[in-house]
Amino acid sequence: MHDVQKHKKQISFHYDVSNDFYRIWLDRKMVYSCAYFERGDESIDEAQLNKLDLICRKLQLVPGEKFLDVGCGWGGLIIHAAKNYGVYAKGITLSMEQFDLADELIKREGLGSRCEVSLQDYRELDEESYYDKVASVGMFEHVGIKNLPLFFGAVKKVLKEKGLFLNHGITKKEKWQSRDPSSEFLDKYIFPGGELDQLGHVLQVMEDNSLEILDVENLRTHYAKTLRLWVGRLQRRKKEALRFVDEETYRKWIIYMAASALSFEEGNISVFQMLGSKQTRAGLSRMPLTRAYIYENEMIRIF
Amino acid sequence: MESIELSKSEKIQSVVRKVCSDVKSSFAIRFWDGSTICIGSRPRFTLAFNDKNAFRKILISPDALTAGEAFIKKQIDLEGDIYSALRIKDDFKNLRLTLAEKAAIILDLWRV
């Protein structure tokens with residue numbers, strides 16, 4: 001239990017700052033992870049919607065399926081999936097602020113019967129072979145490298161056989177050094193307990209937990225663009241932001257996001273979508289022959 | 001009194017110029033006493049040291065932790081393009097002061 005409490009505190013440190021603060025510079029749906037640009041000049045609102053829908057298409061969501069989002073933030077993905085793909089969606093988060101707002105948004109959308117959020121740690125998931133699809137977006141960076149087997153083990157447990165899992169998150173080109181000054185800065189001021197692993201090792205731990213790797217996509221350019229948009233929005237709305245947080249908090253976010261944009265541009269860090277399928281028994285996965293499914297049936301969007 | 005003030009600024013400036021002699025970025029530095037110097041010919045941003053101790057700390061260990069800490073605690077300000085400002089880390093990556101040089105800087109600044 002001690003570990004869960006510690007993890008909760010670490011998450012709270014970053015995500016319970018103030019929903020009003022995040023609302024100022026995030027997109028309308030408050031999606032706090034790498035957006036997806038199809039043309040390159042999209043607004044942050046459009047690019048985040050692109051990303052939510054891309055994840056749903058990669059997971060091949062079908063009405064009636066049970067879908068879990070581990071580390072669901074303010075509920076953007078579960079709401080999108082329940083609303084547009086007819087799935088039963090559940091999201092878990094450790095942030096009280098995220099939980100409260102996600103819960104409110106679900107009710108406001110009238111999705112109460114097929115969408116829910118729960119204040120819960122991934123280690124507390126107890127549904128066995130229950131979910132058809134699982135996503136985790138920008139969450140495994142918080143888990144700690146030594147806990148990755150626990151995390152992917154938990155995903156394996158709750159997924160049905162041949163169920164799909166999309167793991168979206170940041171990786172590092174070189175091995176994580178906790179004594180490195182920039183790692184120390186991140187740990188002390190921005191993401192306590194956070195660690196970035198190398199892609200190869202992440203995939204290896206997924207494989208060790210019966211998650212067959214079906215597809216891997218590099219979104220590095222997309223995160224550099226996302227961060228530059230966030231930094232610009234926050235800088236332009238500094239005065240407004242200071243109504244909700246102090247100057248020190250404002251500066252923390254500016255410096256970490258701008259430095260991260262440069263790190264993505266330089267290639268020191270990257271971000272990937274890793275699609276896996278739970279495969280504990282012999283046999284083929286349900287993977288289509290080509291990647292066409294990702295680009296077909298794009299949601300019709302109204303702006 | 002005036003001449004002492006002048007020599008203080010001059011002392012700091014000579015330390016900074018020594019440290020920045022191989023720096024490729026062009027920027028301005030503003031000190032806690034208001035004096036300003038230019039590194040290179042076309043400054044893209046201003047690095048303002050609001051605090052003498054932070055300045056000393058950064059000179060001794062110009063790394064992300066020290067600089068980041070000083071920034072969030074308002075001991076330094078970055079004015080202008082933040083990305084250009086952050087890129088000076090590349091210039092300082094190659095900065096390796098010897099122990100003797102560090103000691104000299106500390107002593108120089110001590111007297112300021």
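This text follows the structure it describes.
The following refers to the structure shown. Just so you know, the residues in each chain are numbered from 1, in the order the chain's sequence is written. The order in which chains are written sets their letters, starting at A; the order in which ligands are written sets their numbers, starting at 1. Given that this is a predicted model, residues contribute local features only at a pLDDT of at least 70 and side-chain atom pairs are listed and counted only at 80 or more, while totals for whole chains, interfaces and linings are drawn from all residues. To obtain the side-chain values, all non-hydrogen atoms of the structure were included, while hydrogens and water were left out.

**Considering the interface of chain B and chain A**
It is common to give the size of an interface as the accessible area lost on bringing the parts into contact. In this description, contact between two residues means that some pair of their heavy atoms is separated by no more than 4.5 Å. Taken together, the contact pairs 18 residues of chain B with 22 residues of chain A. Values labelled buried area give the accessible surface lost by two parts on being combined, using a 1.4 Å probe and summing over both. When chain B packs against chain A, the two sides together hide about 1700 Å² of surface, and 68% of this comes from carbon and sulfur. Considering only the surface of chain B that becomes buried against chain A, L65, I72 and Y83 of chain B emerge as the three largest contributors, covering 40% of it. Salt bridges are identified by distance alone: a Lys or Arg side-chain nitrogen within 4 Å of an Asp or Glu carboxyl oxygen. Taken together, chain B and chain A are joined by three salt bridges. One salt bridge connects K188 of chain A with E69 of chain B, and the closest N-O pair in it is separated by 2.8 Å. Runs of H or I in DSSP of at least four residues are treated as helices and runs of E of at least two as strands, each being numbered from the N terminus. Only α3 (64–72), β4 (76–80), α4 (82–86) and α5 (88–93) of chain B provide two or more residues apiece to the side of chain B that touches chain A. Here the side of chain B that touches chain A gets six residues from one element, more than from any other, and that element is α3 of chain B. Each residue belonging to the side of chain B that touches chain A can be placed in one class, and the counts come to nine nonpolar, one polar and eight charged. Only Asp, Glu, Lys and Arg are considered charged, only Ala, Val, Leu, Ile, Met, Phe, Trp, Tyr, Cys and Pro nonpolar, and every remaining residue, Gly among them, polar.

**Overview of the nonpolar core**
Residue and element names in this part refer to chain A. Buried residues of nine kinds, namely Ala, Val, Leu, Ile, Met, Phe, Trp, Tyr and Cys, make up a nonpolar core once their side-chain atoms join them within 4.5 Å. Partly exposed residues are those whose accessible area sits between 20% and 50% of the maximum for their type, while under 20% is buried and over 50% is exposed, using a 1.4 Å probe and protein chains only. Judged by nonpolar contacts, the single largest core of 106 residues is most densely connected at W25, Y32 and F67. A total of 10 residues in this core trace back to one element, the largest contributor, which is helix α11 (residues 247–266). If you look at the next biggest cluster of nonpolar residues, it comprises 25 residues, including L148, F152, L159 and L203.

**Observations regarding the sheet that holds strand β1 (residues 66–70) of chain A**
Residue and element names in this part refer to chain A. Between any two strands, pairing holds if DSSP finds at least two bridges. Spatial ordering of the open sheet is given by β3-β2-β1-β4-β5-β7-β6, a layout of seven strands whose pairing is mixed. Each edge of the open sheet is held by one strand with a lone partner, namely β3 (115–119) and β6 (211–218). The average undirected angle you get between the axes of adjacent strands in this sheet is 15°. Bridging between strand β2 (residues 88–93) and β3 involves five bridges; their strand directions are parallel. Considered in β3, the bridge of A89 is made with C115. Inter-axis angles, ranging from 0 to 180 degrees, are taken between N-to-C directions of lines fitted to C-alpha atoms, where helices are fitted over the stretch in contact.

**A look at the environment of G153 of chain A**
All names here are of chain A. Counting through the fold element by element, G153 comes out in helix α6 (residues 148–158). Judged by its relative accessible area of 23%, G153 falls in the partly exposed class. The spacing of G153 and R123 is 30 residues in sequence and 9.3 Å in space, taken between C-alpha atoms.

**Re the state of the cysteines**
Residues and elements named next belong to chain A. Only a pair of cysteine sulfur atoms within 2.5 Å qualifies as a disulfide here. One pass over the structure, following the stated rule, counts zero disulfides over all chains. The structure places no disulfide on C56, whose sulfur is separated from the nearest cysteine sulfur, that of C115, by 11 Å. Judged by relative accessible area, which is 1%, C56 ranks as buried. In this model C115 remains outside any disulfide bridge; the closest cysteine sulfur is found in C72, 8.6 Å from its own. The exposure class assigned to C115 is buried, which follows from its relative accessible area of 5%.

**Regarding the packing of aromatic side chains**
Pairs of aromatic rings are described using the distance from one ring centre to the other and the angle between the two planes. Working definition: rings of Phe, Tyr and Trp (its six-membered ring) pair if their centres are within 6.5 Å, and the pair is stacked with planes under 30 degrees apart, edge-to-face with planes over 60 apart, and tilted otherwise. Here the structure, examined in full by the defined rule, presents 27 aromatic pairs over all chains. Between F27 of chain B and F45 of chain B the ring centres are 5.1 Å apart and the planes differ by 5°, which places this aromatic pair in the stacked class. Of this pair, F27 of chain B sits in strand β1 (residues 27–30) while F45 of chain B sits in strand β3 (residues 45–49), and the two are 18 residues apart along the sequence. Here F27 of chain B and F45 of chain B have matching classes, each one buried. Seen from their ring centres, F31 of chain B and F55 of chain B are 5.5 Å apart, and the 90° between their planes marks the pair as edge-to-face. Note that F31 of chain B is positioned in the loop between β1 and β2 (36–39) and F55 of chain B in helix α2 (residues 52–60), a separation of 24 residues in sequence. The structure contains a cluster of three or more aromatic residues connected by ring pairs, namely Y15, F21, Y22, W25, Y32, W74, F191, Y223, W230, W253, Y256 and F264 of chain A. Criterion for a charge above a ring: Arg CZ or Lys NZ at most 6 Å from the ring centre, at most 35 degrees from the ring normal. Its guanidinium or amino end placed over the ring of Y130 of chain A, K66 of chain A lies 5.0 Å from that ring's centre, counting from NZ or CZ.

**A closer look at the sheet that holds β1 of chain B**
Residue and element names in this part refer to chain B. The four strands are arranged β2-β1-β3-β4 in an open sheet whose pairing can be described as mixed. Both outer strands of the open sheet, β2 and β4, are each paired with one neighbouring strand and no more. Neighbour-to-neighbour, the strand axes of this sheet turn through a mean angle of 20°, independent of strand direction.

**Quick look at the pattern of salt bridges**
All names here are of chain A. Tallying each qualifying case throughout the model produces 23 salt bridges over all chains. As a salt-bridge pair, K133 and E65 come within 2.9 Å of each other at their nearest N and O atoms. In this pair, K133 sits in strand β4 (residues 131–137) while E65 sits in the loop between α3 (44–58) and β1, placing the two residues 68 residues apart along the sequence. For the pair K133 and E65, a shared accessibility class is recorded, and that class is buried. One salt bridge connects R251 with E247, and the closest N-O pair in it is separated by 2.8 Å. Of the two residues, R251 and E247 both sit in helix α11, four residues apart, roughly one turn of that helix. Accessibility expressed as a relative area gives 8% for R251, which makes it buried.

**Considering helix α4 (residues 76–85) of chain A**
Residue and element names in this part refer to chain A. Along α4, eight of the 10 residues are buried, which leaves the element largely enclosed by surrounding structure. Residues of α4 that are buried: G76, L77, I78, I79, H80, A81, A82 and Y85. Looking at the packing, one finds that the buried side of α4 touches α3, β1, β2, α5 (96–108), β3 and β4.

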